[in-house]
Amino acid sequence: MPRYAQLVMGPAGSGKSTYCSMMVEHFSVLKRKCYVVNLDPAAEYFDYPVELDIRELIHLDDVMEDEELRFGPNGGLVFCMEYFAKNMDWIKEFITDMEEDSYFLFDCPGQIELYTHLPVMKTLVENLQNWDFRTCGVFLVDSQFLGEPSKFISGTLSSLSCMINLEITHLSVMTKVDLLSKHSKRDLQKFLDPEMQNLLLADMCDTYHDKKYQKLTESLCQIIDDYSMVRFLPLDRSDEESINIILQHIDTAMQFSEDQPVRVEDYNEDNERDAED
Ligand SMILES: Nc1nc2c(ncn2[C@@H]2O[C@H](COP(=O)(O)OP(=O)(O)O)[C@@H](O)[C@H]2O)c(=O)[nH]1
Ligand SMILES: [Mg+2]
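Attention in this report is confined to the structure presented alongside it. Everything quoted here is computed from the prediction, not taken from an experiment. (Residues numbered from 1 in each chain as written. Chains lettered and ligands numbered in written order. Predicted model: local features only at pLDDT ≥ 70, side-chain atom pairs only at ≥ 80, totals over all residues. Heavy atoms only, no water.)

Some thoughts on the site of ligand 1
Stage number 1. Ligand 1 sits among Pro11, Ala12, Gly13, Ser14, Gly15, Lys16, Ser17, Thr18, Lys176, Asp178, Leu179 and Arg237.
Stage number 2. For ligand 1, an oxygen atom lies 3.3 Å from a polar atom in the backbone of Ser14.
Stage number 3. Contact distances for ligand 1 include 3.4 Å between an oxygen atom and a side-chain N or O atom of Arg237.
Stage number 4. Protein chains shield 69% of the accessible area of ligand 1, which is 580 Å² for the free molecule.
Stage number 5. For the shell around ligand 1, a count of residues per class yields three nonpolar, five polar and four charged. (Near = heavy atom within 4 Å. Polar contact = N/O pair within 3.5 Å; in protein donor to acceptor, adjacent residues only side chain to side chain. Areas by Shrake-Rupley, 256 points an atom, 1.4 Å probe, with all protein chains shown as cover. Nonpolar A, V, L, I, M, F, W, Y, C, P; charged D, E, K, R; others polar.)

And the structure:
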């Protein structure tokens, strides 16, 4: 039986930990089980149970206080993650102790370079695949920053860059939709299923003065459009259905339900209900 993992990624403050907490809650409603692994060495507060915590392996404060290393917060975080990459046995021991078809959420740190060019996440993905995992990358982008087409294009490209780097099934999620104004909510569909060219044209009227960059941006948008490379699903904290839809997409991508054996108690319950009807 395979194991399953969602790698929850995205810039700092995009809502990764909140997403994990919503997912844990939704799993419990569905009577499914998942374990959360915190991979953010700088995280301080969780409102979900953390099953395994990178801070048991290495602490950002210790790295920053080290007289020889003398790292600031950013360098310190990269050091922690590289240390983690060299010590993956720590995570392997934990995972292989769990039941065969167990499901994990990895709450990742917010540094964008981890997803675009540093090797740490890629090493984690390769290890998970060697340990017979099915993995899905979930990349979160804060909807507050998507109000302008140029910011939207930049968010889309971050997600795409992460997908290309990790080479796993990938889902883009637009978070904090509950915070959008009524007017922005009406506009949301335009961003969720965008025709980049249209967005761009609107934007160009306002901001583009330099022909050279205009052409470059146009070509980038055209490629993303042509190959339907990035589509966002909305996440609204006040709407349970939004997390349900996201999970359905992930389940399909990882072929989750097809592997699940029919549990005897479920089968009996269904039969009893049928008999009563
Ligand atoms: N209203 C609202 N706030 C959110 C949502 N997601 C995250 N936040 C808030 O945004 C801040 C950052 O969220 P967090 O999950 O810690 O982001 P992380 O750094 O990516 O883990 C916190 O204050 C959250 O309460 C959301 O969907 N709706
Ligand atoms: Mg967090």
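Focus: the sheet that holds strand β1 (residues 3-9)
Stage number 1. Pairing is parallel across the open sheet formed by seven strands, whose spatial order is β3-β2-β4-β1-β5-β6-β7. Single-partner strands in this sheet number two, and they are β3 (50-53) and β7 (232-234). Across the sheet, the mean angle from the axis of one strand to that of its neighbour is 30 degrees, orientation sign disregarded.
Stage number 2. Looking at chain direction, β1 and strand β4 (residues 103-107) are connected through five bridges and run parallel. Looking across to β4, one finds that Ala5 is bridged to Phe104.
Stage number 3. Contacting β1, β2 (35-38), β3, β4 and β5 (133-142), helix α4 (residues 89-97) crosses the sheet at an angle of about 155 degrees to β3.
Stage number 4. Of the strands in this sheet, β6 (169-175) and β7 touch helix α8 (residues 182-192), which is tilted by about 155 degrees from β7. (Pairing = 2+ DSSP bridges. Helix = DSSP H or I, 4+ residues; strand = E, 2+ residues; numbered from the N terminus. Axes fitted to C-alpha atoms, helices over the stretch in contact; angles between N-to-C directions. Contact = heavy atoms within 4.5 Å.)

Description of the packing of helix α3 (residues 73-86) against helix α6 (residues 120-130)
Stage number 1. Here α3 crosses α6 at 25 degrees, and the two axes come no closer than 9 Å. Considering the angle they form, α3 stands roughly parallel to α6. In this structure, α3 meets α6 at a crossing whose hand is left-handed. On α6, the residues that touch Met81, Glu82, Phe84 and Ala85 of α3 are Val120, Thr123 and Leu124.
Stage number 2. Taken together, the residues that form the contact of α3 with α6 break down as five nonpolar, one polar and one charged. (Parallel < 35°, antiparallel > 145°, perpendicular 65-115°, else oblique. Left-handed = near helix turned anticlockwise from the far one by under 90°.)

Details of the side chain of Lys16
Stage number 1. Mapped onto the fold, Lys16 is located in helix α1 (residues 16-29).
Stage number 2. Here Lys16 sits buried without a salt bridge, and the closest side chain of opposite charge, Asp107, lies 5.9 Å off (N-O distance).
Stage number 3. From its side chain, Lys16 meets the backbone oxygen of Gly10 in a polar contact 3.1 Å long.
Stage number 4. Not counting the four nearest positions on each side in its chain, Lys16 is found in contact with Val8, Met9, Gly10, Pro11, Asp107, Cys108, Pro109, Gly110 and Leu140. (Buried < 20%, exposed > 50% of the residue type's maximum accessible area, 1.4 Å probe, protein only. Lys, Arg positive; Asp, Glu negative; His and termini not counted. Salt bridge = Lys/Arg side-chain N within 4 Å of Asp/Glu carboxyl O.)

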